[in-house]
Every structure is written in C-alpha cells, then in structure tokens.
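Tertiary structure, described
This is what each chain is made of:
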Amino acid sequence: FKFHAVIGVARRGVKLYIDNGIAAIGIGIGLMTVVGQCLGAGRKDEAIYYIKKLSWLSEIVIIASCLLVFVLTRPITMLGGMEKASADLCFRMIVFITITKPISWVLSFIPAYGMRAAGDVRFSMITSCCTMWLCRVSLCIYLCRVWGFGPIAVWIGMACDWMLRSIIFTARFHSRKWLPLAPLAESPRHRLVVALEMLVILGMRPVTTPGKSMLRK
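Quantities reported herein were computed from a predicted structural model and do not represent experimental measurements. (Residues numbered from 1 in each chain as written. Predicted model: local features only at pLDDT ≥ 70, side-chain atom pairs only at ≥ 80, totals over all residues. Heavy atoms only, no water.)

**Overview of the side chain of Thr77**
Our working rule: Only DSSP runs of H or I reaching four residues or more are called helices, and only runs of E reaching two or more are called strands; each is numbered from the N terminus. Whether two residues are in contact is decided by their heavy atoms: any pair within 4.5 Å suffices.
Tracing the backbone shows Thr77 in helix H3 (residues 44–79). Apart from residues lying up to four places away in sequence, Thr77 is in contact with Met82, Ala87 and Cys90.

**What to know about unusual backbone geometry**
To be explicit about the condition: Burial status follows relative accessibility: with a 1.4 Å probe on protein chains alone, a residue under 20% of its type maximum counts as buried, one over 50% as exposed, and anything between as partly exposed.
For Arg176, which is not a glycine, the phi torsion comes out positive at approximately 65°. By the secondary structure assignment, Arg176 is in the loop between helix H6 (152–175) and helix H7 (188–201). Its relative accessible area of 27% is what places Arg176 among the partly exposed residues.

**Brief notes about a nonpolar patch on the surface**
We count it as follows: Exposure above 30% relative accessible area and no salt bridge define the residues that can form patches, which grow by joining like charges within 9 Å and nonpolar side chains of Val, Leu, Ile, Met, Phe, Trp and Tyr within 5 Å. Calculation of accessible area relied on Shrake-Rupley with a 1.4 Å probe; when residues are assessed, cover is drawn exclusively from the protein chains displayed. By definition, a salt bridge exists where a carboxyl oxygen of Asp or Glu is found within 4 Å of a side-chain nitrogen of Lys or Arg.
Residues Leu68, Phe70, Val71, Leu72 and Ile76 make up a contiguous nonpolar surface patch of about 430 Å² in total accessible area. By the secondary structure assignment, Phe70 is in helix H3. We classify Phe70 as partly exposed; its relative accessible area is 32%.

**Here we look at the nonpolar core**
Condition: The nonpolar core is taken to be a set of buried Ala, Val, Leu, Ile, Met, Phe, Trp, Tyr and Cys residues, with the residues joined through side-chain atoms within 4.5 Å.
Of all hydrophobic cores here, the largest spans 32 residues; its most connected members are Leu31, Val35, Trp105, Tyr113 and Trp178. Looking at this core, the elements that each hand over two or more residues are helix H2 (22–40), H3, helix H4 (84–117) and H6. The biggest single contributor to this core is H4, with 10 residues. What Val35 contacts, discounting residues up to four positions off in sequence, is Ala47, Ile51, Gly114 and Ala117.

**Some remarks on the environment of Leu134**
The topology assignment puts Leu134 in helix H5 (residues 121–147). Each C-alpha atom of the pair Leu134 and Cys160 lies 9.3 Å from the other, and the pair is 26 residues apart in sequence. Apart from the residues lying within four places of it in its own chain, the contact partners of Leu134 are Leu139 and Leu164.

**Comments concerning the pattern of salt bridges**
Tallying each qualifying case throughout the model produces 6 salt bridges. In this structure, Arg74 engages Asp88 in a salt bridge whose closest nitrogen and oxygen atoms are separated by 3.1 Å. Placement of the pair is Arg74 in helix H3 and Asp88 in helix H4, with a sequence separation of 14 residues. Among the charged side chains, a salt-bridge network with shared partners connects Arg74, Lys84 and Asp88.

**Quick notes on H2**
Quick note on the threshold: Multiplying one less than the number of residues by 1.5 Å gives the expected span of a helix.
Its 19 residues place the ends of H2 28 Å apart at the C-alpha level, agreeing with the 27 Å of an ideal helix rising 1.5 Å per residue. Just beyond H2, the residue with positive phi is Gly42, at close to 80°.

**Here's the deal with the packing of aromatic side chains**
Selection rule: Note on aromatic contacts: the rings of Phe and Tyr and the six-membered ring of Trp form a pair at centre separations within 6.5 Å, being stacked when their planes are under 30 degrees apart, edge-to-face when over 60 apart, and tilted otherwise. For a lysine, the NZ atom is tested; for an arginine, the CZ atom; a charge sits over a ring if that atom is within 6 Å of the ring centre and within 35 degrees of the ring normal.
For the structure shown, the criterion picks out 5 aromatic pairs. With centroids separated by 5.1 Å and ring planes inclined at 70°, the aromatic side chains of Tyr49 and Tyr50 adopt a geometry described as edge-to-face. Of the residues examined, Tyr49 reaches a relative accessible area of 44% and is grouped as partly exposed. Between Phe123 and Phe169, the ring centres sit 6.3 Å apart and the planes meet at 65°, which makes this aromatic pair edge-to-face. Remark: Phe169 occurs in helix H6 and Phe123 occurs in helix H5; sequence separation between them is 46 residues. Of the residues examined, Phe123 reaches a relative accessible area of 25% and is grouped as partly exposed. Taking NZ or CZ as reference, Arg74 lies 4.2 Å from the ring centre of Phe91, over its face.

**A look at the environment of Ala153**
Along the chain, Ala153 falls in helix H6. For the pair formed by Ala153 and Leu139, sequence separation is 14 residues and the distance between their alpha carbons is 8.0 Å. Aside from chain neighbours lying at most four places away, what touches Ala153 is Cys140, Leu143 and Cys144.

**Thoughts on H4**
Where we set the bar: Here the bend at a residue is taken as the angle between two axes, fitted respectively to the seven residues that end there and the seven that start there.
Taking 1.5 Å per residue, 34 residues should reach 50 Å; H4 reaches 46 Å between its end C-alpha atoms and fits that length. Where H4 bends most, at Lys101, the angle is about 55°, and the proline Pro102 comes one to four residues later. Within two residues after H4, Gly119 carries a phi angle of roughly 100°, on the positive side.

These figures come from the coordinates and say nothing about function on their own.
Have a look at this one:
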C-alpha cells in the first residue's frame, strides 16, 4: 500500500510539472523554425539574437506557470481527495520544483532547440542521453536505495539533470561551435530529423499504409 501511495504522489507531481512547462516547450518548438529561417538566409547574428530573446521569454513563462501551479496545488490535492500526508508530500515536491525549475530549466532546453535547428543535433542528443542516465536514473536510484529518499529523489535527479544540461548547453552556445553546422539546416536529412523529433514531442507516430502516408495519435 505504501508503494502505491508513493507512486500516486509522484504521478500527480509529474502531471503538475508537465502542465507548467507546456507553454515554454511550445516556444522552443517555434524557436526551431525561427532559427532555421535565419540561418537559411545566412543571418547568424539574428539566429543568436532570437535564441537569447526567446530564452528570456521562456523564463518569464516558466516563472509565471510555476507560480500558478504552486498556488493551485493545495486546491487540486483537496479536490482529488488525497490524504493529508500525501498532499503534504506533493506540496513539498511542488515547492522544490518551483524554486529549482526557473533557475535551470530554460538554459537546459531552449538554447538546445535553436542549436538543433542549426544542425547541431548529435551533440544535443548525446548530452541529453548522458545527463538523463547519470542524474535522472542513476542518481535517483542511488538516493532511494542508499539514503532512503522518497519521491523527492525523482525531483532531485531532474533538477541535477537540468543544471548539468544548462551548464553544458550554455558553454556550447557561447562557443559558437554549432554555427558552422548551420548549412545543414536546409538539408533533407536534417529536416527529417527535426520532423521526427517534433512527432515524438507531440506524442505522434508515422503510419504508412498502401498508397498513402498519414499520422496517427
């Protein structure tokens, strides 16, 4: 029973986390189109400018959405009929994420959207996979098995993942090493990679039938 209660609390916390990041993810997807158009026209300075500008916009959106979710957490847990212990645990996790997410989330995701639009896909993919397995998986298991952490270990792992990604992607962005890859942004191969990535983000998969191709949820 305790295990299922912990899973239920973690699930509600993850749902609230997803809800307060949708708008910023949408900005990141739009940024890919903007950067692709700038680099396709040979305007590298504009691409850098819009990555910075939309990163600031995403930061504002994340802060607003985190505060909104923070305010609504108590009413949601009450309407959901959660027990007091579970509701308190969920609220503490939301407090933790409300503090850590505005600090590191934007730099760990938004600049990467722009760099992927420039063709720097491999670096982003390898970095994201490595930090995920190191922080979200390995660190979380270590905290739970060795130190006896509860669901908060998931959030600690995610926060560490964001912080590590933000440091790596910020260094990559300021190094400008992703800019020489810009001509690939117009290649058919890169367009296919970007299209497949957007399908994954939107939760869709390509389905091919005889004589035609369509998308299915």
